[in-house]
Amino acid sequence: MKKIFLYISVLAIFSLSSCDKEDSPGDNYDFSESLPPYVALSSTAAKTVRQGNPVTFTFQLRTAMQQKVTVYYDVTGGGVTLTNQAAIIDRDKTSIIATVNIPTVIVAPATTATATLTLVKAVADDGTLLTIGSRNNPATQKVTINITL
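Asker: Help me get a handle on the pairing of strand β3 (residues 54-61), residues and values and all.
Answerer: By the alternation rule, side chains of β3 split into V55, F57, F59 and L61, which are all buried, and P54, T56, T58 and Q60, of which none is buried. The pairing of strand β1 (residues 38-41) with β3 spans 3 bridges and is classified as antiparallel. For L41, the partnering residue across the bridge sits in β3 and is F59. Across 7 bridges, the pairing between β3 and strand β6 (residues 95-101) is antiparallel. Within the sheet, the bridge partner assigned to T56 lies in β6 and is T99.

Pasting the structure below:
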């Protein structure tokens, strides 16, 4: 009786395994909708800087690429107009630190001004446009810059 039970158990295990790829669990995953390469700001938290001083921002890729990526950004508002600025992420790198020099923009009696850095686009050397942000929502890729005296 024990031998029959053992024989049935072994037969059941072998009958559950599969040789056909489409029936095999685990090796037929669909990766056709994987996340495309994207560029994003490492932090969107507001920054405070004194006028006339530099402030840094880090742009990062989701994964390193085999070509350079040019990141375009604008810094506007509060008397600052720095449009079409660029930072280049080198081949096989995942980030770049961009330095923005904030000019003297505060006019008395004001004591503060507010500008915004906006990530506009990212282009690979072969001309491919990369997605902006992990969810492809460029409106979330902005940083408020509080400028003080």
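Asker: Account for the nonpolar core, with residues named and values stated.
Answerer: Judged by nonpolar contacts, the single largest core of 31 residues is most densely connected at V39, F59, V69, L117, I145 and I147. Only β1, β3, β4 (69-77), β5 (80-89), β6, β7 (112-124) and β9 (142-148) provide two or more residues apiece to this core. At 6 residues, the largest contribution of residues to this core is made by β7.

Asker: So what about the sheet that holds strand β2 (residues 47-50)? Which residues, and what values?
Answerer: The sheet built from 5 strands is open, its strands ordered β2-β9-β7-β4-β5 with mixed pairing. Looking at which strands have only one partner, the edges of the open sheet turn out to be β2 and β5. Neighbour-to-neighbour, the strand axes of this sheet turn through a mean angle of 25°, independent of strand direction.

Asker: Can you lay out the sheet that holds β1 for me, pointing to particular residues and giving the numbers?
Answerer: Strand order across the open sheet formed by 4 strands is β6-β3-β1-β8, with mixed pairing between neighbours. Both edges of this open sheet fall to β6 and β8 (131-132), since each of them pairs with a single strand only. Examined bridge by bridge, β1 and β8 share 2 bridges and lie parallel to one another. By the bridge assignment for β8, V39 is matched with I132.

Asker: Requested: an account of the side chain of T70, with residues and values cited.
Answerer: Structurally, T70 is set in strand β4. We classify T70 as buried; its relative accessible area is 14%. For T70, the residues in contact, after removing those within four places along its chain, are A86, A87, I88, K121, A122 and V123.

What counts as what
- The written sequence of each chain sets the order in which its residues are numbered from 1.
- With pLDDT at 70 or above as the cut-off, local features in this predicted model cover only qualifying residues; side-chain atom pairs require 80 or more to be listed or tallied, and sums for whole chains, interfaces and linings still use all residues.
- Side-chain metrics in this entry use all non-hydrogen atoms of the structure; hydrogen atoms and water are not considered.
- Only protein chains enter the accessibility calculation, which uses a 1.4 Å probe; a residue is then buried when its area is under 20% of its type maximum, exposed when over 50%, and partly exposed in between.
- In this description a helix means any DSSP run of H or I spanning at least four residues, a strand means any run of E spanning at least two, and both kinds are numbered starting from the N terminus.
- The pairing criterion for strands is at least two bridges between them, as found by DSSP.
- Nine residue types can take part in a nonpolar core, namely buried Ala, Val, Leu, Ile, Met, Phe, Trp, Tyr and Cys, and a core is a set of them joined through side-chain atoms within 4.5 Å.
- Each axis is a line fitted through C-alpha atoms, taken for helices only over the stretch in contact, and angles between the N-to-C directions span 0 to 180 degrees.
- Two residues form a contact once any of their heavy atoms are found within 4.5 Å.

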